[in-house]
Structures are given as C-alpha cells and as structure tokens.
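Below are the chains, spelled out letter by letter.
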Amino acid sequence: MPESITITDNRTGDAVEIPIVNGGVDADAWRKLLPGVWFHDEALMTTAMTESAICELDGENGVLRYRGYPIEQLAEKSTYLEVAYLLLHGDLPTTAQYDEWVHQITYHTYIHENVRKRFMEGFHYDAHPMGMLVSSVAALSTFYLDAKQIHDPAVRQKQIIRLIAKMPTLAACAHRFSAGMPFVYPDNSKDFTANFLQMMFSPVEDVPWQDPAIARALDVLFIVHAEHEQNCGTTAMRVVGSAHADPYISTAAAAAALYGPRHGGANEDVIHMLREIGTLENVDGFIADVKAGKRKLPGFGHRVYKNYDPRATIIKAHADEVFKLTGRNPLLDIALKLEEVALADDYFVSRRLYPNVDFYSGLIYQALGFPMEMFTVLFAIPRTAGWLTHWVELLEQDQKIVRPRQLYTGPEVRDYVDLASR
C-alpha cells in the first residue's frame, strides 16, 4: 500500500490522493481540490508550517537531536558554543573553526555604552529583567544599521555573532540594574558561562560562581535549552523573520513570546508549587488534589513529549552535583518525592504525564543564586542560537511571508446607522 491519503469532496465526488512525505502531506493538493475551504487548526497543533533540518523531536519516544546528534551526547561531551556552531552551520566544527568561533564570540561581548547608559538605565528601578532584555535586543537594531542587509551572508554572520555574544551581557546588565548593583564589564579572559556568572554575581560571596563546576552545570543547561524546533518563540521568530525583519527585531519578537508565562515561566511555577507543598508529608495530599482537578501540576506533561523529556533526565543528573557545591535545597527532596509518587500512579502514567525540562531547571537556577525573575532570561540566552538558526534557514528557503487564514464567525453585512439614530 502506498504511503498516502485520499481526500474526497462529497459535494462533487472529486478526489485527490496525496503522498505522505516525512510524516506530512502537502497542502497544495488540498487547495487545488477545495479552493476557498480552509483547514481549521487552532494553535497550529497539527500543522507543519515549514520543513526544517535543524532539530528532530520525537515526542512519542522522548528523543531530541540537534542536526542528528542526540542531546544526551551533546550535553555530556560538548559545550554551548560548540552546539551553537553546530546548529548554525550544520556540522560540528574542526579545532580551527571552533577556536575562531569562540574568539569571535568572546570579543563581541561588550555592548555599546549608550545601550547601557541611555537606554537600559532609563528603565524604572523595578523593571522586570525579561522586559528589559526584550526591549534592549530590539534597540540593538538601531545601533547596527547594516543588519538590514539580511541577504548578505557575511553581514548576517556578523549580526549572529553579535547577538550570541551580547545576550549574556544584556541579561547580566538587566539583573544588576534591577538589583541596584553596578554594571560589571565582560572579562574576555573567561569562557562563555564563566564570564556570564562573573557579570551576574561579582563580588557576591554566598554564590560559588567562580567554581568551574558551576560554569559547566550552567553550560549544560544552555545546551539543552538551545533549540526545540517549532515552539511558540521559534514560530514567532519565523513569522516576524518572514517579513524580512532584521535579526535583532526578529529575536526580540521570539523573546517576547518566551516572556509569556505559558511559554517561559513554567519553571517559576514549579518553584511556587514546591514551596506551597512545603514538606514531604504533604506530597500525597497534593497529588490527590491534582487528580481531583483541584490543582495543576507544573513541570509535568508537554505539548509534544508523550514520554520522559530527555532534557529533564539530563538536568536531574546534574542537580546533585550542583547541590554538592551550593548546599542541598530542601525543595529538591519534595520534587523527587513528587516525581516518585506521580510516576507510580496510573493516573499520570496512563495520561503519559512525565517530568519535563522545567521540573528541575528552576531548582538548579535557584541553587546557583539566580532570582526567579531571571529564569526566563536564562532560557532566552541559549535559545538565541536556535532562533537565529531558524531565521537563517527561512531566508535560505526563501519562505513566503506568513499569512494564515481564518474562519470568519462575525455578523453578516450591516448598514451604518448615524450616531443620533442609534
């Protein structure tokens, strides 16, 4: 039997057979058979908006691969900057390519003084760091006017390097400002995550930010957050990018989508939940309330994954190493107990509700000394590489400007009535 489906218009009897290619069917055949009839797919849950060679996500089997490489291998053996290179160039770099890439990123970490002094320091004293980051990334578009030359590969590459390099600096600046602390300039003698930790925490003493193990743990977190195919933020990047907006504006749009609590705020919800549970003795009661529909269980389940999120497995493995350095967070014991009870209960197993990446990431961020308002910012820093990879891909695909259809449900035609007669 051919791998295909047949669509029949029962009004006319006309039919069309459409081959199934890479798990999808071409909408052109639908449009030819049924002109003016739109496929209604709220939230694009069963619509593939593009073809992409960047990230493979098999939610049924809990598989995540960047350019074919399993996320488990990359988290164990690679670095965030090497992964960023892999995403953007399609292959792992040679030693010479990697050294040059790291050099370029390292020496573009500084931000223009006017970005900091005249823009970022103009925010209200209690501005949210993520709001500051979104606005600052968009503002970079006004500092690098050559970014409009989106069809010049050399110019594109320059902006990509700038964005990946400057995101940690902008993020740390936003935090320092919101905390009332002086700005710390980048130290280009340090590697990517160690530099970011210093900009964040120097000279704070109660966070072991100078320990290489802490930098490595953060690097792993950056690797597992670098890319995740067509999520809300990446789709926003591709939608805005399809209008041929420059990379700063497109990245700001993606970060704005991430700012929404449904997308980037789940790990904060997990911390709030664990604090509410409070003790190990309260876990069973909380689980009972979840099953009764009285409470939600943040950090469990995923739109795509119907198995254990492989990123959660990686992060959980690193949690103990972090807590050896920072001191054990009592919330971790509650989280482990919560996972144990839930995964032993058929209610959750039958619904395929397993821990996702947000279940443990917030605990590690908290242990490393990051305030909760920085959690989404920490998501945006590494995801920038994935966003930019999709931006380049859509330009090379010459993707049309995104313009979905709608099914109109409003009133029929009405005649205007003068104001005095209403």
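Right, let's walk through the structure included here.

Criteria and cut-off values
- Residues numbered from 1 in each chain as written.
- Predicted model: local features only at pLDDT ≥ 70, side-chain atom pairs only at ≥ 80, totals over all residues.
- Heavy atoms only, no water.
- Helix = DSSP H or I, 4+ residues; strand = E, 2+ residues; numbered from the N terminus.
- Buried < 20%, exposed > 50% of the residue type's maximum accessible area, 1.4 Å probe, protein only.
- Contact = heavy atoms within 4.5 Å.
- Areas by Shrake-Rupley, 256 points an atom, 1.4 Å probe, with all protein chains shown as cover.
- Pairing = 2+ DSSP bridges.
- Salt bridge = Lys/Arg side-chain N within 4 Å of Asp/Glu carboxyl O.
- Patch = residues over 30% accessible without salt bridge, like charges linked within 9 Å, V, L, I, M, F, W, Y side chains within 5 Å.
- Core = buried A, V, L, I, M, F, W, Y, C linked by side-chain atoms within 4.5 Å.

### A short note on the overall build of the protein
Counting secondary structure elements, the protein contains 19 helices and 5 strands. A buried classification covers 49% of the 422 residues belonging to the protein. The long-range fraction of contacts in the protein, counting pairs at least 24 apart against all pairs at least 6 apart in sequence, stands at 72%. Of the roughly 21100 Å² of accessible surface on the protein, a fraction of 52% belongs to carbon and sulfur atoms.

### A word on the sheet that holds strand β4 (residues 63–66)
As summarised here, the arrangement of the 3 strands in space is β3-β4-β5, forming an open sheet in which the pairing is antiparallel. In this open sheet, the two edge strands, each paired with only one partner strand, are β3 (55–58) and β5 (69–70). Both β3 and β4 contribute to a ladder of 4 bridges, which runs antiparallel. If you follow Asp58 over to β4, its bridge partner there is Val63.

### Quick look at helix α18 (residues 358–367)
Within α18, 9 of the 10 residues are buried, which leaves it mostly tucked inside the rest of the structure. Residues of α18 that are buried sit in contact with α9 (212–224), α13 (266–277), α15 (310–326), α16 (330–343) and α19 (375–396). Looking one or two residues past α18, Gly369 carries a phi angle of roughly 95°, positive in sign.

### Digging into the pattern of salt bridges
A complete count under the given rule lists 18 salt bridges for this structure. Across the pair Asp345 and Lys291 runs a salt bridge whose closest N-O atoms are separated by 2.8 Å. Of this pair, Asp345 sits in the loop between α16 and α17 (346–350) while Lys291 sits in helix α14 (residues 283–291), and the two are 54 residues apart along the sequence. Of the residues examined, Asp345 reaches a relative accessible area of 17% and is grouped as buried.

### So, a nonpolar patch on the surface
On the surface, Ile5, Ile20 and Val25 cluster together into a nonpolar patch covering about 200 Å² of accessible area. If you trace the backbone, Ile20 turns up in the loop between β2 (15–19) and α1 (27–33).

### A short note on the nonpolar core
Residues Tyr66, Tyr80, Trp101, Ile164, Phe196, Leu338 and Phe370 are the most contacted members of the largest nonpolar core, which totals 120 residues. It is α19 that provides the largest number of residues to this core, a total of 13 residues. If near-sequence neighbours (up to four positions away) are discounted, Tyr80 is found in contact with Ile164, Phe192, Asp219, Phe222, Ile223, Ala226, Ile381, Pro382 and Ala385.

### Brief notes about unusual backbone geometry
Residue Pro203 follows Ser202 across a cis peptide bond; omega there is 0°. A positive phi angle, near 55°, is found at Leu44, a position not held by glycine. Residue position: Leu44 is located in the loop between α1 and β3. The exposure class of Leu44 is partly exposed, given its relative accessible area of 43%.

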